[in-house]
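# Topology and contacts: notes
Chain residues, written in single-letter form:
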Amino acid sequence: MDKVDILLLGAGGREHALLMKLAESPRAGKLYVTPGNGGMLQLADVAPISQDSPTEVADWAASHGIGLVVVGPEAPLVEGVADAVRAKGIACFGPNADAARMEGSKEFAKLVMARAGVPTAAYRSFTDRAECEAYVRELDGPCVVKADGLAAGKGVIVAQTTEEALAGVEQCFGGAFGDAGSTVVVEEMLDGPECSLLALTDGTTVVPLATSQDHKRAYDGDRGPNTGGMGVYSPVPEHLVSAKDLSTMVDVMNRVVAQLRTEGITYSGCLYGGFMLTEDGPKVLEFNARFGDPETQVVLPRMHADLLEVFLACDAGTLEDTPIEWGDDWAVSVVLASAGYPGSYESGKCITGIDEASAQDGVTVYHAGTKLDSDGNLLTAGGRVLDVTAVAPTFAEARERAYAACDLIDFDGKQFRTDIGARAL
Ligand code: AMP
Ligand code: GLY
């Protein structure tokens, strides 16, 4: 059997989960990561390159005999890393830059959705600050102000009042998100529970993965500032997402990939649909051009497939022939964060108890913001530190196992939500 050496870009819990699943493949060869984290470095070597540089990544992959480059985060995709890797004849998991605009430009995504007839919030887009302010005043009520480009998850202002909306417009055009804010999208405010649907695609075949529900606010009861995600579970039960909702969501994913194809764009990789389940059915909040974080940490453990073969098939256009099956178990993941996150926080705190937690039935601890010091001690190195994930035959059991494991882990300033999945119970 010919082995495939893999280079994985990224440093979060999502990438640790991807790496662990890829390592299970019988064909997985040598594993390299950049930049990686404390958990990933226990499985892989570091490639001394910048993940955002298309030439560095492509040249390094070519000179090290890499057979597959897997791109975790969005920034390298928008920069064209996948294009550069494919140009060297190396397989890549992740869309080329033209397709990654589904995440890289909110206006582009809105226009594709309109042409594909996909339900989403009504919107207008602006490059002129005065016109944008005038529109927000005219709306005179709740709306959502979004920087068009990538803003590391911070460029969305959910405004209840005209004042909040104007402050959001000021942030965008004032340069708080750099170039990302030079075009601004103002959207109708939607209401309802949120649901994520990830789909794998080779540009033609679209394979929806299991549903999941993220918890974006920092504190219990969905209070506090928006974060990258504080916890997640999968699947989302029927009382929250009906079979009809799910089929609408799957239809949306298919339509978007097909629409892009008719426009000459092959979307190859993972397409992430973020939906709001409104009274009028599911509507798209956003698309991402990559796996979700922390959604990946509950979706992959439930997926029965050889992830390496699946990723190669996405690149080769043979996804239709590649088997993916699902367990009927449940998964819950709780994020352990540093005190202060998503604001400023301290790093370098010693982490204990991971081995004990990982030894519990069904529990896997994915590393996010961790690093190893020169003595091999594991230290905190980010806002979101660990994703404590448990799989079990029932939702209640998965949740119990995840929280029991959280109690076994300790670091100075450990902060987490105690109500992940409460809505599903
Ligand atoms: P996004 O990065 O576009 O997913 O936005 C981040 C979060 O802002 C979403 O998960 C929602 O909670 C919220 N959001 C985005 N768009 C809307 C909208 N049109 N109406 C209400 N909430 C929204
Ligand atoms: N969990 C939200 C995201 O990955 O964008």
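Residues numbered from 1 in each chain as written. Chains lettered and ligands numbered in written order. Predicted model: local features only at pLDDT ≥ 70, side-chain atom pairs only at ≥ 80, totals over all residues. Heavy atoms only, no water.

## Concerning a negative patch on the surface
Applicable threshold: Put simply, a patch holds well-exposed residues, over 30% relative accessible area, that have no salt bridge, with like charges counted together within 9 Å and Val, Leu, Ile, Met, Phe, Trp or Tyr side chains within 5 Å. Method for areas: the Shrake-Rupley scheme with a 1.4 Å probe, in which residue coverage is limited to the protein chains shown. Salt bridge, as used here, is a side-chain nitrogen of Lys or Arg placed within 4 Å of a carboxyl oxygen of Asp or Glu. When charges are counted, Lys and Arg are positive and Asp and Glu negative, with His and the chain ends excluded. To locate a charge, take atom NZ for lysine, CZ for arginine, CG for aspartate or CD for glutamate. Strands are runs of DSSP state E lasting at least 2 residues, helices are runs of H or I lasting at least 4, and numbering of each runs from the N terminus.
A cluster of acidic residues, E188, D191, E279 and D280, forms a negative patch at the surface. Here D191 shows up in the loop between strand 9 (184–187) and strand 10 (194–201).

## Observations regarding the site of ligand 1
The condition that has to hold: A molecule or strand has a residue near it when one of that residue's heavy atoms lies within 4 Å. Definition of a polar contact: a pair of N or O atoms within 3.5 Å, with one able to donate and the other able to accept a hydrogen when the atoms are protein atoms, and with sequence-neighbouring residues admitted only if both atoms are side-chain atoms. Residues are grouped as follows: Ala, Val, Leu, Ile, Met, Phe, Trp, Tyr, Cys and Pro are nonpolar; Asp, Glu, Lys and Arg are charged; every other residue, Gly included, is polar.
Neighbouring ligand 1 are 15 residues; E187, E188, L190, E194 and E286 lie closest to it. E188 has a polar backbone atom sitting 3.0 Å from a nitrogen atom of ligand 1. For ligand 1, the protein covers 90% of the area, taking 470 Å² as the surface of the free molecule. Mapped onto the shell around ligand 1, the elements with two or more residues apiece are strand 7 (143–147), strand 8 (156–159) and strand 16 (281–288). Residues belonging to the shell around ligand 1 are distributed by class as follows: 8 nonpolar, no polar and 7 charged.

## A word on helix 8 (residues 162–173)
What counts is decided by this rule: Here the expected length of a helix is defined as 1.5 Å per residue gap, with one fewer gap than residues. Buried means the residue's accessible area, taken with a 1.4 Å probe over protein chains only, is under 20% of the maximum for its type, while exposed means over 50%, and partly exposed covers the values in between. For this quantity, the arc is that covered by the directions from the helix axis to the C-beta atoms. Contacts are assigned to residue pairs with any non-hydrogen atoms lying within 4.5 Å of each other.
Helix length check: helix 8 (12 residues) gives 16 Å between terminal C-alpha atoms against 16 Å at 1.5 Å per residue, within 8%. When we look at burial in helix 8, the residues that qualify are T162, A165, G168, V169, C172 and F173. Buried residues in helix 8, looked at end-on, bunch into an arc of 120 degrees, giving them a common side. Taken together, the buried residues of helix 8 touch strand 6 (123–126), helix 7 (129–139), strand 7, strand 8 and strand 9. Two residues or fewer after helix 8 comes G175, characterised by a positive phi angle close to 100 degrees.

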